[in-house]
Amino acid sequence: MARKLPLLTALPSFESAARLLSFSKAADELHVTHGAISRAIKNLEDQLGVQLFERGTRSVSLTAVGEPYARAVRETLEQLAAATAAATARYSSPTLNVSTSDGFAGRWLVPRLYRFHRAHGDIDVRVSTSGKLTNFLGDGIDVAIRYGGGNYPGLTAEFLTGEEVFPVCSPKLLEGPHPLRTPDDLKHHTLIHDSFPIDWARWLGSAGVEGVDPHGGIAFDSATFAMESAAQGEGVVLGRTMLVAADLAAGRLVRPFAYALKSPSSFYLVHPPAAIRQPKVRAFRDWLLAEVKQG
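Along each chain, residues carry numbers from 1 onward, in the same order as the chain's sequence is written. Where totals are concerned, whole chains, interfaces and linings use all residues; where local detail is concerned, this predicted model gives features only for residues with pLDDT of at least 70, and gives and counts side-chain atom pairs only at 80 or more. The side-chain numbers reported here are obtained from all heavy atoms of the structure, hydrogens and water having been left aside.

Here's the deal with the packing of helix 2 (residues 23-30) against helix 3 (residues 34-48)
In a pair of packed helices, the angle between the axes and the distance between the axes together describe the arrangement.
Part 1 of the reasoning: The axes are straight lines fitted to the C-alpha atoms, using for helices just the contacting stretch, and the angles between their N-to-C directions are given from 0 to 180°. A run of H or I in DSSP becomes a helix once it reaches four residues, and a run of E becomes a strand once it reaches two; helices and strands are each numbered from the N terminus. The geometry of helix 2 relative to helix 3 is characterised by a closest axis approach of 8 Å and an angle of 110 degrees between their N-to-C directions. Here helix 3 runs roughly perpendicular to helix 2, going by the angle between their axes. Residues Phe23, Ser24, Ala26, Ala27 and Leu30 of helix 2 form the contact with helix 3, whose participating residues are His34, Ile37, Ser38 and Ile41. Working rule for angles: under 35 degrees goes down as roughly parallel, over 145 as roughly antiparallel, 65 to 115 as roughly perpendicular, anything else as oblique. For this analysis, residues touch if any pair of their heavy atoms sits within 4.5 Å.

Focus: the nonpolar core
Part 1 of the reasoning: Counting residues in hydrophobic clusters, the biggest one holds 26 residues, and the most contacted among them are Val98, Phe104, Leu109, Phe116, Ile145, Phe284 and Leu288.
Part 2 of the reasoning: At the level of elements, strand 3 (95-100), helix 5 (102-109), helix 6 (113-119), strand 5 (143-148), helix 10 (241-250), strand 10 (261-271) and helix 11 (279-294) are the ones that each hand at least two residues to this core.
Part 3 of the reasoning: Contacts of Phe284, omitting those with residues within four sequence positions, involve Leu96, Val98, Leu109, Leu113, Phe116, Val143, Ile145 and Leu269. Definition of nonpolar core: a set of buried residues of the types Ala, Val, Leu, Ile, Met, Phe, Trp, Tyr and Cys, connected through side-chain atoms within 4.5 Å. Partly exposed describes any residue whose relative accessible area lies between the buried limit of under 20% and the exposed limit of over 50%, with all areas from a 1.4 Å probe on protein chains only and scaled to the type maximum.

Notes on unusual backbone geometry
Part 1 of the reasoning: In the Ramachandran plot, Leu21 falls in the positive-phi region, its phi being about 50 degrees despite a non-glycine side chain.
Part 2 of the reasoning: By relative accessible area, Leu21 is classed as partly exposed at 44%.

Regarding helix 11
Part 1 of the reasoning: With 16 residues, helix 11 ought to run about 22 Å at 1.5 Å a step, and its terminal C-alpha atoms sit 23 Å apart, in line with that.
Part 2 of the reasoning: For helix 11, every residue scored as buried is listed here: Lys280, Val281, Ala283, Phe284, Trp287, Leu288, Glu291 and Val292. Seen along its axis, helix 11 keeps its buried residues to an arc of 160 degrees; they face one direction. Each residue after the first adds 1.5 Å to the expected span of a helix. Within this analysis, the arc is defined by the directions that extend from the helix axis to the C-beta atoms.

A look at the packing of aromatic side chains
Part 1 of the reasoning: Stacked, tilted and edge-to-face are the three classes applied to pairs of Phe, Tyr and Trp rings, where Trp contributes its six-membered ring and a pair requires centres within 6.5 Å; stacked means planes under 30 degrees apart, edge-to-face means over 60, and tilted covers the rest. Taken as a whole and assessed by the stated rule, the structure comprises 15 aromatic pairs.
Part 2 of the reasoning: Ring centres 4.9 Å apart and planes at 40 degrees place the aromatic pair Phe104 and Phe267 in the tilted group. Residue Phe104 is located in helix 5, and its partner Phe267 is located in strand 10; the two are separated by 163 residues in the primary sequence. Grouping residues by exposure puts Phe104 and Phe267 together as buried.
Part 3 of the reasoning: Seen from their ring centres, Tyr152 and Tyr268 are 6.5 Å apart, and the 65 degrees between their planes marks the pair as edge-to-face. Of this pair, Tyr152 sits in the loop between strand 5 and strand 6 (156-168) while Tyr268 sits in strand 10; the two residues are 116 residues apart in sequence, bridging distant segments of the chain.
Part 4 of the reasoning: A network of ring pairs unites the aromatic residues Phe104, Trp108, Tyr147, Phe196 and Phe267 as a single cluster.

Regarding the environment of Arg181
Part 1 of the reasoning: Structurally, Arg181 can be placed in the loop between strand 6 and strand 7 (191-193).
Part 2 of the reasoning: Among the residues examined, Arg181 registers a relative accessible area of 49% and is labelled partly exposed.
Part 3 of the reasoning: Taking the C-alpha atoms as reference points, Arg181 and Glu54, 127 residues apart in sequence, are found 60 Å from one another.
Part 4 of the reasoning: In contact with Arg181, not counting residues within four places along its chain, are Leu174, Pro256 and Phe257.

With respect to the pattern of salt bridges
Part 1 of the reasoning: Take a side-chain nitrogen of Lys or Arg and a carboxyl oxygen of Asp or Glu: if they are within 4 Å of each other, that pair is a salt bridge. For the coordinates displayed, the defined rule picks out 16 salt bridges.
Part 2 of the reasoning: Between Glu291 and Arg112 there is a salt bridge, with its nearest N and O atoms 3.9 Å apart. Residue Glu291 is located in helix 11, and its partner Arg112 is located in the loop between helix 5 and helix 6; the two are separated by 179 residues in the primary sequence. The residues Glu291 and Arg112 share a single accessibility class, namely buried.

Okay, structure coming up:
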């Protein structure tokens, strides 16, 4: 029985426009004209006999039919791309493209990558740091390390580790006129902030601390810069288990008190299901799980 398939050449245009909710942005991403995107989607709609987009004056949105169809098309293209990469692995580039946050890359992954290179010298690793959701198909990413709830439709998400959140600081702050002994002592010290969802207001409230301004202090977009500022003795930052493990072990940072808040999110290794067939992805996955297990 012959399969009923859509216009396959139109699917990349539809997937891009559906994800970006913009024909113009899709055109820029695919390096074609706005008209080419519009025609491809119109031809697809004509073939299917359904309307996929609601078209406004300056915006587009998916219809009730278009939204689930876009998810299915995206998953199919991701799987096709991964399967193609796996099928041509022996001829493809040995470079492994990894996407993760700058904090995880700088504070945990990069200091350990030399061990991966030692074991797999034939695999080059390229690390891309971004807080946005990874577009495996469009960005050429092989695997991503993400911090969240583990629900990534159409993708494989392997649990790495959970996290606790707790204050850390330079050992210098345990001495002086106002040594850090209890959470109440934070009122004498500068709070350092980053962009992590669990902020000082939430941590202080959970610890029952009053009289401390949760919003004052120094703020950074980058967790790496925030941790480095704390290590230099500039103040106290909220550390997370994986991001401060090396600094705690080296004594650059210390935990002034024991109370920790368990984060509702965890770290996951995320990739298209078929990607694990690629030797370079499988090697990185096995190494990463072993590293996390070692602590």
